[in-house]
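Results of the structural survey
In case you want the letters, here they are:
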Amino acid sequence: MNTIERCVATSGLLLLFLFAISPVSDAQTSILPKGCIDCHGSETKFPVRGARSQYLTSGHRNLGNASYANSDDCQGCHTNEGFIERAKTGKVDVKKFVRYPSEIGCFTCHAPHDTGDFSLRKTSAVTLANGVKFDRGSGNLCASCHQARRTPNDEVRARNIPTESWGAHHGPQADMLSGTNAYEYPGKQYSSSDHAALPQATCITCHMALPNGRYSLAPSIGGHSFKVEGEVHEEPKLNNAGCLNSGCHGEMNQAKGTPFFDRKAPADYDGNGKTETLQQEVEGLYERLINERGTGLLQKLKPPLYDAKGKFIESNKTQYPVEIVGALYNYKFVKEDGSKGIHNTTYAVQLLMDAIKALDKNFDDSKRP
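Residue positions are counted from 1 within each chain, in the order its sequence is given. Side-chain atom pairs in this predicted model are given and counted only at pLDDT of 80 or more, local residue features only at pLDDT of at least 70, and totals for whole chains, interfaces and linings cover all residues. To obtain the side-chain values, all non-hydrogen atoms of the structure were included, while hydrogens and water were left out.

Considering the environment of Asn-140
Just so we agree on the cut-off: By the criteria applied, helices consist of DSSP H or I runs no shorter than four residues and strands consist of E runs no shorter than two, each listed in order from the N terminus. In this scheme, a residue with accessible area under 20% of its type's maximum is buried, one over 50% is exposed, and one in between is partly exposed, where area comes from a 1.4 Å probe on protein chains only. Residue contacts are counted whenever heavy atoms from the two residues lie within 4.5 Å of one another. Any pair of nitrogen or oxygen atoms within 3.5 Å is treated as a polar contact; in protein, a donor-acceptor pairing is required on top of that, and neighbouring residues in sequence qualify only through side-chain atoms on both sides.
Locating Asn-140 in the fold gives a position in helix H9 (residues 139–143). Judged by relative accessible area, Asn-140 falls into the buried class, the value being 0%. Along the primary structure Asn-140 and Lys-122 are separated by 18 residues, whereas in three dimensions their C-alpha atoms are 7.5 Å apart. Those residues in contact with Asn-140, other than ones at most four positions away along the chain, are Thr-123, Ser-124, Ala-125, Val-126, Phe-134 and Asp-135. A polar side-chain atom of Asn-140 sits 2.9 Å from the main-chain carbonyl oxygen of Thr-123.

What follows is the structure, given as structure tokens:
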């Protein structure tokens, strides 16, 4: 028997001994301290087990990339250890790497064994890459990672696209919500929808609201899944609780038979002859730039940036005109935001329509918001 096995065996014997000499009474319901019972007892103060069941379905658990994104400043968002270091000191040492990296988890955002509760590690305002301040309470912790890591001035000015990770780098949600840090074409005016100004329109409000009624703890939507869209009983399900409970929307439902909200777009933005839901219109604008048919404007360049199946072509050293590079930056900015226009409808549609117009002078942008 090795040392660890002896420790485990000894601990087990100790617990049996304690139970034997300390019979449970009405006044003493557990041999564990009160603080432990709040999370680990049979009747808990904090819903740890339910929250964990949701977290297990989340991108934090399944898409974190901690196994390799643990150096060069990546570890500050992609590893639990790097995030904690950055929250405590304001920075990470880019020359070091995390030897035993772990995914973003409960103790990344909370430190209950230190604080005795589930308060957040960090709620101070966040300064985005272009200097704009993001300050939305608890959502600031989210924005400390869910922001563009770069600016269009830095990326577009280079005029070439060396790798797939080029651009705002996969998580510009705070920038999109604020209506900032995309490539804004000279001579164009840009503005935002109400979400950019409403203080209750935060990450927590919509992404962590628990669904109402029977699905109040569906593991794949709301809460610590952080997902607005998921699957319940093998059907696509949208969580509208945040929209309704915040008082922002009197009604917000799911379009029947689709994974989209039933918010009809003000106009036919994508020019396909019909006015659809807002998210369908944004998807239609995506399709004009890159699609699986190989007819997207970014696929028909000479040389093309994407192949006929929509896959990025590596090792392309072409120096493209700024308007083309800016179009790709905005496509990736909106696509990687992930909300299909919900976070900031006006800004998202303006960016995509301007990108398309820069590549196709015949595109009708008269309905640009």
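Observations regarding the state of the cysteines
Note the threshold: Pairs of cysteine sulfur atoms within 2.5 Å are what we label disulfides.
Summed over all chains, the structure comprises one disulfide. Paired by a disulfide, Cys-77 and Cys-145 hold their sulfur atoms 2.3 Å apart. Across the S-S bond linking Cys-77 and Cys-145, the dihedral sits near -105°, which makes this disulfide left-handed. Placement of the pair is Cys-77 in helix H5 (residues 75–78) and Cys-145 in the loop between H9 and helix H10 (152–158), with a sequence separation of 68 residues. Of the two residues, Cys-77 and Cys-145, both sit in the buried class. Unpaired in this structure, Cys-142 has its nearest cysteine sulfur neighbour in Cys-203, at a distance of 4.3 Å. Sulfur of Cys-243: no disulfide; nearest cysteine sulfur belongs to Cys-206 and is 5.1 Å away. For Cys-243, a relative accessible area of 11% gives the class buried.

Some words on helix H15 (residues 322–337)
Convention followed: To estimate how far a helix should reach, multiply one less than its number of residues by 1.5 Å.
Between its terminal C-alpha atoms H15 stretches 22 Å, which fits the 22 Å expected from 16 residues at 1.5 Å a residue. By the criterion of burial, H15 is predominantly enclosed, with 13 of the 16 residues buried. In the stretch just after H15, Gly-338 is the one whose phi turns positive, near 85°.

Some words on the side chain of Lys-332
Selection criterion: Under the convention used here, Asp and Glu are negative, Lys and Arg are positive, and both His and the chain ends fall outside the count. A side-chain nitrogen of Lys or Arg and a carboxyl oxygen of Asp or Glu constitute a salt bridge if their distance falls within 4 Å.
Looking at the secondary structure, you find Lys-332 in helix H15. Although Lys-332 is buried, it forms no salt bridge, and the closest oppositely charged side chain is Glu-336 at an N-O distance of 4.3 Å.

A few points about the packing of aromatic side chains
Heads up, the rule is: Two aromatic rings from Phe, Tyr or Trp, using only the six-membered ring of Trp, form a pair when their centres are within 6.5 Å; if the ring planes differ by under 30 degrees the pair is stacked, by over 60 it is edge-to-face, and anything between is tilted. Only when the NZ of Lys or the CZ of Arg is both within 6 Å of the ring centre and within 35 degrees of the ring normal is a charge said to sit over the ring.
Enumeration over the complete set of coordinates arrives at eight aromatic pairs. On the basis of an interplanar angle of 80° and a centroid distance of 6.0 Å, the ring pair of Tyr-286 and Tyr-331 is categorised as edge-to-face. Taken together, the residues span a long stretch of sequence, with Tyr-286 in helix H14 (residues 278–289) and Tyr-331 in helix H15 at a distance of 45 residues. Judged by relative accessible area, Tyr-286 falls into the buried class, the value being 5%. On the basis of relative accessibility, which here comes to 8%, the residue Tyr-331 falls in the buried class. Where Phe-333 meets Tyr-347, the ring centres are 6.5 Å apart and the plane angle is 85°; that geometry is what we call edge-to-face. Taken together, the residues span a long stretch of sequence, with Phe-333 in helix H15 and Tyr-347 in helix H16 (residues 345–359) at a distance of 14 residues. With respect to class, Phe-333 is no different from Tyr-347; both count as buried. Aromatic rings pair up to connect Trp-166, Tyr-190, Tyr-329, Phe-333 and Tyr-347 into one cluster. When the ring centre of Tyr-286 is taken as reference, the NZ or CZ atom of Lys-335 above it lies at 5.2 Å.

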